[in-house]
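Summary of structural features
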Amino acid sequence: KPVEPGAKRKAGGATPAGKRAAGEVVLPEEQATVMRYVIEYAKSGRSKCQATKALIPEGELRIGKVIDNPHNPGQEMCLWYLVKPLLERMRKQKETSKKLIEPRDL
């Protein structure tokens, strides 16, 4: 769901919704409820890739899938992925699944 103005997003550090994190990509309104991604360099080496379970080194490019936080209703969180494992996972999806082919598809 769209973020309310002034709400905070918990994804590697809270960012007010009015200010986008570096590289944050928001899909058109009709698709924003389906999926939204954030692209940034890792701020620390503590996050784990959801595909490989490996730590993402500080400064490494990562992609975060923004989801509703199941532990804190009304807040959002990111599931972080290393770029290559995420793209490999998407390549193996069903033919009917939305594919990322170019940056505007984010």
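In what follows, the accompanying structure is described. Here the structure is a predicted model, which is why all the values come from computation and not from measurement.

1. Examining helix α2 (residues 83–91)
- Within α2, the full set of buried residues consists of P85, L86 and M90. Seen end-on, α2 carries its buried residues on one side only, within an arc spanning 135°. The outward face of α2, more than 90 degrees from its buried face, is lined by the exposed residues K84 and R91.
- Those residues of α2 that are buried are in contact with β4 (37–41), β5 (61–68) and β6 (76–82).

2. Describing a positive patch on the surface
- Where like charges cluster on the molecular surface, the positive patch consists of K48, K53, K65 and R89.
- Considering the arrangement of structural elements, one finds K65 in strand β5.

3. A word on the pattern of salt bridges
- On inspection of all chains with the given rule, the structure shows three salt bridges.
- Its salt-bridge partner being R62, residue E40 comes within 2.5 Å of it at the nearest N-O pair. One end of the pair, E40, is in strand β4; the other, R62, is in strand β5, and 22 residues separate them in sequence. The pair E40 / R62 is uniform in exposure class, with both members buried.
- Taken together, the salt bridges that share partners define one network made up of E40, K43 and R62.

Rules used in this analysis
- Residues numbered from 1 in each chain as written.
- Predicted model: local features only at pLDDT ≥ 70, side-chain atom pairs only at ≥ 80, totals over all residues.
- Heavy atoms only, no water.
- Buried < 20%, exposed > 50% of the residue type's maximum accessible area, 1.4 Å probe, protein only.
- Helix = DSSP H or I, 4+ residues; strand = E, 2+ residues; numbered from the N terminus.
- Arc of directions from axis to C-beta.
- Contact = heavy atoms within 4.5 Å.
- Patch = residues over 30% accessible without salt bridge, like charges linked within 9 Å, V, L, I, M, F, W, Y side chains within 5 Å.
- Areas by Shrake-Rupley, 256 points an atom, 1.4 Å probe, with all protein chains shown as cover.
- Salt bridge = Lys/Arg side-chain N within 4 Å of Asp/Glu carboxyl O.
- Lys, Arg positive; Asp, Glu negative; His and termini not counted.
- Charge placed at Lys NZ, Arg CZ, Asp CG, Glu CD.

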